[in-house]
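# Coordinates in review
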Amino acid sequence: MEKRVAYLEKRIRGKLEHLGFEVHPFKVGWYNAVLPSVFHLSYSDNTLAFVVLSIPAMFDKAFKPFLKSQPLEKILDPVDQCISHHLSLVRESLADRQVEIMYDYEMLPNRKPRFLAQTAAHVAGAAYYYQRKDVQQDPWGEKKIYGVCIHPYYGGWFAIRALLLFPDVEVSFLQQNPPIDCVRTEEEKIELLDKFNFHWQDWRYRDIIEVKEKYSEEQKTYFAAPPAERLKLLGLQG
Ligand code: GSH
């Protein structure tokens, strides 16, 4: 890895890892290469980017402290605001660099997502994006089957939150590490896509592999609740 990339990665990790985020570098060209042009990011192939994931620890390390630090009347989208708060701090800390941030919840005027989060996580080696094409004996016929990312340590207990792009940083040498194919067998892949597509609300797909850590009961209850009731669950007024 080039020194510049290693240096930026270290600075970004230093700001985010202790808060329950993971950061993985990639080149825009890796992402564009696997997508139709309508989804391309309009930067040159060698542009440096990072995909940012939240892992189970984010809830206690970043989210609850963020809520305590803000006037509640200003909080409409607690999770999104927490993520953007911390990524804005990253951008401020890198004031010597141009940094573009894209959030997972942002939509383009044509109602397509600003970026395809699962593809970014896959090409960056962060989490394997399991899709219908990963299964040989496809049992689903005409049904539309959505793919899902699985993280080698956290299974489905994580979320892809944002991209950090560095339009003025071009990297020629960056090793592309393939994501870990942790859902190994054909049967498990089918089980994963079945659970995700037809039973996603019970969250069992997230436990398709043995995980190192998952969401606490409090975090599960929070995300399972309708947004209007969530802050009350944390003992805060909603
Ligand atoms: N916009 C609301 C907020 O900012 O609080 C809702 C955010 C939200 O619940 N996002 C979901 C999430 O973080 C979808 S990405 N879920 C965690 C998960 O599914 O692991």
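A quick note: this is a predicted structure, and the numbers were derived from the prediction, not measured. The numbering scheme is per chain: residues are counted from 1 as the chain's sequence reads. Owing to the predicted nature of the model, reporting of local features is limited to residues with pLDDT of at least 70; listing and counting of side-chain atom pairs is limited to 80 or more, with chain, interface and lining totals taken over all residues. Side-chain numbers here rest on the full set of heavy atoms in the structure, without hydrogens or water.

Right, let's get into the sheet that holds strand 3 (residues 100-103). DSSP bridges decide pairing: two strands pair if at least two such bridges lie between them. Numbered from the N terminus, helices here are DSSP runs of H or I no shorter than four residues, and strands are runs of E no shorter than two. Strand order in the open sheet formed by four strands is 1-2-6-3, and the pairing between neighbours is antiparallel. In the strand order of this sheet, the two ends are held by strand 1 (21-27) and strand 3, each with one partner. When the angles between neighbouring strand axes are averaged without regard to direction, this sheet yields 20°. In this sheet, strand 6 (residues 159-170) lies alongside strand 2 (residues 47-54) in antiparallel orientation, the contact comprising eight bridges. The partner of T47 across the bridge, within strand 6, is E170. Every axis corresponds to a line fitted to the C-alpha atoms, with the helix fit spanning only the stretch in contact, and the corresponding angles, defined between N-to-C directions, vary from 0 to 180 degrees.

The subject of this paragraph is the site of the ligand. We define proximity as follows: a residue is near a molecule or strand when any one of its heavy atoms falls within 4 Å of that partner. Around the ligand, the surrounding shell consists of D77, P78, V79, D80, D104, F158, R161, R206, Y215, F223 and R230. Any N or O atom pair separated by 3.5 Å or less is treated as a polar contact, with the protein-specific requirement of one donor-capable and one acceptor-capable atom, and with residues adjacent in sequence counted only for side-chain atom pairs. The contact in question runs from a nitrogen atom of the ligand to an N or O atom on the side chain of D77, over 2.8 Å. At 2.5 Å from an oxygen atom of the ligand is found a side-chain nitrogen or oxygen belonging to Y215. Accessible surface is estimated by sampling points in the Shrake-Rupley manner with a 1.4 Å probe; for residues, cover comes only from the protein chains shown. Taking 510 Å² as the accessible area of the ligand by itself, protein coverage stands at 74%. The element contributing the most residues to the shell around the ligand is helix 4 (residues 78-93), with three residues. Gly is put with the polar residues, along with every residue not named as nonpolar or charged; the nonpolar set is Ala, Val, Leu, Ile, Met, Phe, Trp, Tyr, Cys and Pro, and the charged set is Asp, Glu, Lys and Arg. Here the shell around the ligand is composed, by residue class, of five nonpolar, no polar and six charged.

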